[in-house]
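Residue-level structural notes
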Amino acid sequence: MIVALLMVFELINYADRSVMALSAEYLMDDLNISEATYGLISSSFYFLFAITAIGVGFTANRFQLKWILLIMAIAWVVTQAPVFFVGGAGVLFFNRIFLGAAEGPGVSMANASAFTWFPPEKRGLPASLLSVGSSMSKVIAAPLLTLLIVAAGWRWGFLALAIAGVIWSVFWLILGGDGPYRVNHQPLPARLGSDGTDRSALRSTEKAARRTLFRKAVLNRTFIMMLLGTIPMYALITVILSWMPAYLESGLGFSRQNSGLLFALPSLAALTLMVLTGTATDRLLVRGVSMRVARGIIPACALLLAGTCVTLIPWAAGVHTSWAVGLIILGYGLGIAAMPISYAVAGTLATPSQRPSVLGLFVGLQSLAGLVAPWGTGMLVAAADTKVEGYNLAFSLLGLAIIIGGVIFAIGTNPERDNIRSEGQPTG
């Protein structure tokens, strides 16, 4: 039940992001803005994204994840609603900044919450299911939003998502909670014990121990190389979320309505591949296959294949539009399948009490790609002789970067080598 609620949480999270892409051509016409300006507005979503992802991650070490997720969802509602009433270019710009701040911790906190219900060897599937939730936003929400936008106008998409956030918040308030693999966070001892003993030395020792464990969790080879390996794929995710309907329309010649509906296809592939990959890696671990293979080599191969597909998109577009769409679907699906595995691995590097902060740092640093990728794509499209040439150059650069990322991921990811602790038994 909790995983299902968190899947819906991720669905709304990513629908909030993709509503801009579904409205791209409409709002560029309505607000009279260029591709470069639209790209800047899209990238503004990530201005504060990493800061809040990291900051809330540290805060979550001290509070129940249930309340953190509830506050985030309410913040989404408050941020989205004004676009419907006063949505000019300036309002939209600040909407994306503050929405990005509110959604920055979403992936890491949802994964941290789900992990409180599962032991380490069974976290691959729930991590994949949460990413399935994000893919379902494009399979379920995107077609519905497209029909609403075509029928009523692009502003209605923002209002519909605000209403969805209210409904989810009510269900989470009633049903949400932390699981048996949580850690009960006790306050550090007071300066004086009941016997009058000075405990400041113990307090300092515990703080120092926590800092040491955190540094070991985030400064080891697996964390760093896995982060570098997945940043290019995260860049592609932000470009797809920001530009795919516009590319399908102005780059491949589809109608606006069909472009919005086709937006769901890459996520259908991602949904299937994530479930298969998460289940397969969990089963391999249970059967004794090393984490180096199950959660290092397998996702690295997925990234290498994804990068190859993306690199070939410009060639395929010159042959037939359906070939280009097929490579987008396959490349996106393969690359996305590797992402939840990276979250599961990052979670194993941390002590249970520090898992939210480690995951928050990982996703926050990953998201820095969003500062550059959508804006850079808009600049390339605006500067090229034709929009098609601009999109082709963007996909070529992204595909090459993802291939390099896959190589880095394969070389550096070894959770067994860098796992610094043993998982505790469930509490409660």
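Thresholds, definitions, all that
- Residues numbered from 1 in each chain as written.
- Predicted model: local features only at pLDDT ≥ 70, side-chain atom pairs only at ≥ 80, totals over all residues.
- Heavy atoms only, no water.
- Helix = DSSP H or I, 4+ residues; strand = E, 2+ residues; numbered from the N terminus.
- Rg over C-alpha atoms; globule rule 2.2 N^0.38 Å.
- Buried < 20%, exposed > 50% of the residue type's maximum accessible area, 1.4 Å probe, protein only.
- Contact = heavy atoms within 4.5 Å.
- Areas by Shrake-Rupley, 256 points an atom, 1.4 Å probe, with all protein chains shown as cover.
- Patch = residues over 30% accessible without salt bridge, like charges linked within 9 Å, V, L, I, M, F, W, Y side chains within 5 Å.
- Salt bridge = Lys/Arg side-chain N within 4 Å of Asp/Glu carboxyl O.
- Bend = angle between axes of the 7 residues up to and from the residue.
- Polar contact = N/O pair within 3.5 Å; in protein donor to acceptor, adjacent residues only side chain to side chain.
- Phe/Tyr/Trp six-rings, centres within 6.5 Å; stacked < 30°, edge-to-face > 60°.
- Lys NZ or Arg CZ within 6 Å of the ring centre and 35° of its normal.
- pLDDT = per-residue confidence, 0-100.

**Brief notes about the overall build of the protein**
Scanning the protein from N- to C-terminus turns up 20 helices and zero strands. Here the C-alpha atoms of the protein give a radius of gyration of 22 Å, agreeing with the 22 Å that 2.2 N^0.38 yields for 428 residues. Buried positions account for 57% of the 428 residues belonging to the protein. The long-range fraction of contacts in the protein, counting pairs at least 24 apart against all pairs at least 6 apart in sequence, stands at 84%. With the model as given, the accessible surface of the protein reaches about 16400 Å², and the carbon-plus-sulfur share is 69%.

**Examining a nonpolar patch on the surface**
On the surface, Met1, Trp67, Ile163, Val166, Ile167, Val170, Phe171, Leu173, Ile174 and Leu175 cluster together into a nonpolar patch covering about 980 Å² of accessible area. Considering every element that reaches the nonpolar patch, the biggest residue donor is helix 9 (residues 155–175), with eight residues. Following the sequence through the fold, isoleucine 167 ends up in helix 9.

**Regarding the pattern of salt bridges**
The full count for this structure, using the stated rule, is four salt bridges. A salt bridge links arginine 17 to glutamate 103, with the nearest nitrogen and oxygen atoms 3.8 Å apart. Linking arginine 17 in helix 1 (residues 2–22) with glutamate 103 in helix 6 (residues 89–103), this pair joins segments that are 86 residues apart in sequence. Glutamate 103 matches arginine 17 in its accessibility class, with the two residues each being buried.

**Quick notes on helix 11 (residues 221–251)**
The sharpest bend along helix 11 comes to roughly 60 degrees, located at tryptophan 243, with the proline proline 245 sitting one to four residues further on. Helix 11 sits mainly inside the fold: 25 of its 31 residues count as buried. Looking at where helix 11 begins, the residue whose side-chain oxygen comes 3.1 Å from the main-chain nitrogen of threonine 222 is asparagine 220. Two residues or fewer past helix 11, glycine 253 is found with a positive phi of approximately 90 degrees.

**Looking at helix 4 (residues 49–59)**
For helix 4, the full list of buried residues reads Phe49, Ala50, Thr52, Ala53 and Gly57. Residues of helix 4 that are buried sit in contact with helix 1, helix 6, helix 7 (106–115), helix 11 and helix 17 (355–366).

**With respect to the packing of aromatic side chains**
How two aromatic rings sit relative to each other is set out by the distance from centre to centre and by the angle between their planes. For the structure on display, the rule yields 19 aromatic pairs. With 5.9 Å between their ring centres and 80 degrees between their planes, tryptophan 154 and phenylalanine 158 make a pair best called edge-to-face. Phenylalanine 158 shares its class with tryptophan 154; the two are buried. Residues phenylalanine 223 and phenylalanine 362 carry aromatic rings whose centres are separated by 5.4 Å and whose planes lie at 75 degrees to one another, so their mutual orientation is edge-to-face. Placement of the pair is phenylalanine 223 in helix 11 and phenylalanine 362 in helix 17, with a sequence separation of 139 residues. As far as burial versus exposure is concerned, phenylalanine 223 and phenylalanine 362 are alike and both buried. Taking NZ or CZ as reference, arginine 17 lies 4.1 Å from the ring centre of tyrosine 14, over its face.

**Section: the confidence of the model for the protein**
Any segment with low pLDDT has predicted coordinates that should not be analysed in fine detail. Across the protein, the average pLDDT comes to 83, with 92% of residues at or above 70. When pLDDT is averaged over each element of the protein, helix 19 (residues 387–412) comes out on top at 94 and helix 10 (residues 200–218) at the bottom at 72. Low pLDDT (under 50) marks residues 184–190, which in the prediction has 14 contacts with non-local residues, meaning those over four places away or in another chain.

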